[in-house]
Amino acid sequence: MKRPKSARWARGVREVGDRLVAWFEREALDLPWRRTRDPYRIWVAEVLLQQTRVEQARPYYGRFLAAFPTIEELAQARREEVLKVWEGAGYYARAHRLHEAAQFLIHRRQGKLPSEVEEMEQLPGFGPYTSRAVAAIAFGVPVVALDANALRVLARLFLIDPSGGKTAPRAEALGRQALGGHPPRAFNEALMELGQRYCTARSPRCGACPLARRCAARQELPDPGAFPPRRPRPVRPRVEAAVGLLEREGRWLVGQRPPGGLLGGLWEFPGGKLKPGESAEAAIIREFREEAGLRTSVVEHLGDVEHDYSHFHATLHVFRLAGTKGTGHPLGVERTLRWVTARELPALPLPTATCKMLVWVSPRTSRGSGSRRGRSSASGRAAPARPRARAHARTLRP
DNA sequence: GATTCGTGGTG
DNA sequence: TCACCAAGAAT
């Protein structure tokens, strides 16, 4: 049972929009994707920024557009080239979909993005947020793009009742009222930037917020930062896996991960998860037999790499292997395997965890290799032949 | 609605 | 230190 809001309430909503846009016009950050009106560039920025902080996305933006300045050049690129530029950014399905959508637009839409939300939502990688963000920012369509920031800011400003799961539609309706006749680009970017800089998830800086006096949560709640209530996140399970580095005639065996899943399309050293009760050594011998049809033996335990993925934490036990027989082709497994030189390796798109292992594959130099073969003790007292990976070791990303 | 998709910064 | 979280989408 809801009664019509009063005219006074509606005026308050519009004033929030006025103050928000006024603040943004005074203090907006100078971000690279705000220096263009090219829909393609705005699209690329929005995809890069999905679940990604501004400072992490920033270098990729320039790099990506230098490599693929237009939709057509992106569409004509090979998928692996796109993934290589995306390397390290995470959520690699974004790169696949960006590339796929570019090819669709070239072939079916004369290389032009549609300006309507409903049409954009049909494109790969365009969800509710990205479609509205590109529509508003690139085409001036008066819609509200609800990312996590905008949703949180609107929920707090208007103290939207979190029960019943109607927060998003209510936030969108209120946002649309607050938008009024303001430029959709400024309004939407303002909403997100306020959430990024002041109305943060955990400890909002209400004391410095330009909308504090208009904020219902600030006025009525003892702890606005606790609103809206957050769902507890599932705990990340711990996974143990073994990885094998096998060199033959100056080339290393690498496999390409299937598209669509974790790290889709990226290349890595073969390996796999330990089975219950299985040792890492046994696991890596088994994996090479199953995945590559190779009989191998462990030469050396090079070290362990700790790495966090989106929804689990992994310990990767890395071994140098020696191969005896076999050509290294998969046994019925649809898994692309290749032998590549150490020089070719950095040209492939590699996961961050694999980059951490490149210290063990550095090209042979006359002074470096082969001098020491002693086991490196766990205590680290005996100098290891090569650097041991440690948690948070510097990643070599060429 | 709940899961699966990376990575790096931070309080 | 370490759990939390960031300009979400797809299934």
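Refer to the preceding data block for the structure.
This text gives an overview of the structure that appears in the document.

**Some thoughts on empty space enclosed by the protein**
The gaps of empty space that remain are located by a probe, the size of a water molecule, rolled over the atoms. Under the definition given, this model contains two cavities of 30 Å³ or more. Put simply, the largest cavity is a space of about 130 Å³. What lines the largest cavity is a set of 16 residues, among which Arg156, Cys199, Cys206, Cys209 and Cys215 lie closest to the centre. Looking at the lining of the largest cavity, the elements with two or more residues in it are helix H9 (148-157) and helix H12 (216-220).

**With respect to the protein's contact with DNA strand B**
Around DNA strand B, the surrounding shell holds 19 residues, and the nearest of these are Gln51, Tyr92, Leu262, Leu263 and His307. Expressed as a percentage, the sugar and phosphate content of the atoms of DNA strand B within 4 Å of the protein is 54%. Between a base oxygen of DNA strand B and a side-chain N or O atom of Gln56, the distance comes to 3.5 Å. In the environment of DNA strand B, a base nitrogen lies 3.4 Å from a nitrogen or oxygen atom belonging to the backbone of Ala89. Residue composition of the surface near DNA strand B, grouped by class: six nonpolar, 10 polar and three charged.

**Details of unusual backbone geometry**
Between Phe227 and Pro228 the backbone carries a cis peptide bond, its omega angle lying at -10°. By the secondary structure assignment, Pro228 is in the loop between H12 and strand E1 (238-248). Phi is positive for Gln51, which is not a glycine, with a value near 55°. Tracing the sequence through the fold places Gln51 in the loop between helix H2 (39-48) and helix H3 (54-67). On the basis of relative accessibility, which here comes to 69%, the residue Gln51 falls in the exposed class.

**Focus: the nonpolar core**
Of all hydrophobic cores here, the largest spans 76 residues; its most connected members are Tyr40, Trp43, Phe64, Trp86, Leu245, Phe269 and Leu316. Apart from residues no more than four positions distant in its own chain, Phe269 is found in contact with Val243, Gly244, Leu245, Trp252, Leu253, Val254, Leu345, Thr354, Met357, Leu358 and Val361.

**Description of the environment of Val117**
In this fold, Val117 is placed in helix H7 (residues 117-120). Each C-alpha atom, one on Val117 and one on Val305, is 44 Å from the other, the two residues being 188 residues apart in sequence. Dropping the residues within four chain positions of it, Val117 is found in contact with Ser131, Arg132, Ala135 and Val143.

**Focus on the protein's contact with DNA strand C**
In the vicinity of DNA strand C lie 28 residues, with Leu49, Gly125, Thr130, Asp147 and Asn149 positioned nearest. One of the side-chain N or O atoms of Arg53 is found 3.1 Å from a base oxygen in DNA strand C. Between Arg152 and DNA strand C, the recorded distance is 3.2 Å, taken from a side-chain N or O atom to a phosphate oxygen. Every element with two or more residues in the surface near DNA strand C is listed here: helix H8 (128-139), H9 and helix H11 (184-197). Its residues assigned to classes, the surface near DNA strand C shows 11 nonpolar, seven polar and 10 charged.

Each value, and the rule that gives it
Residues numbered from 1 in each chain as written. Chains lettered and ligands numbered in written order. Predicted model: local features only at pLDDT ≥ 70, side-chain atom pairs only at ≥ 80, totals over all residues. Heavy atoms only, no water. 1 Å grid on protein atoms, 1.4 Å probe; cavity = no way out; pocket = protein on both sides within 12 Å on 5 of 7 lines; lining within 4 Å. Points joined across faces, edges and corners; volume = space filled by probe spheres on them. Helix = DSSP H or I, 4+ residues; strand = E, 2+ residues; numbered from the N terminus. Near = heavy atom within 4 Å. Polar contact = N/O pair within 3.5 Å; in protein donor to acceptor, adjacent residues only side chain to side chain. Nonpolar A, V, L, I, M, F, W, Y, C, P; charged D, E, K, R; others polar. Buried < 20%, exposed > 50% of the residue type's maximum accessible area, 1.4 Å probe, protein only. Core = buried A, V, L, I, M, F, W, Y, C linked by side-chain atoms within 4.5 Å. Contact = heavy atoms within 4.5 Å.

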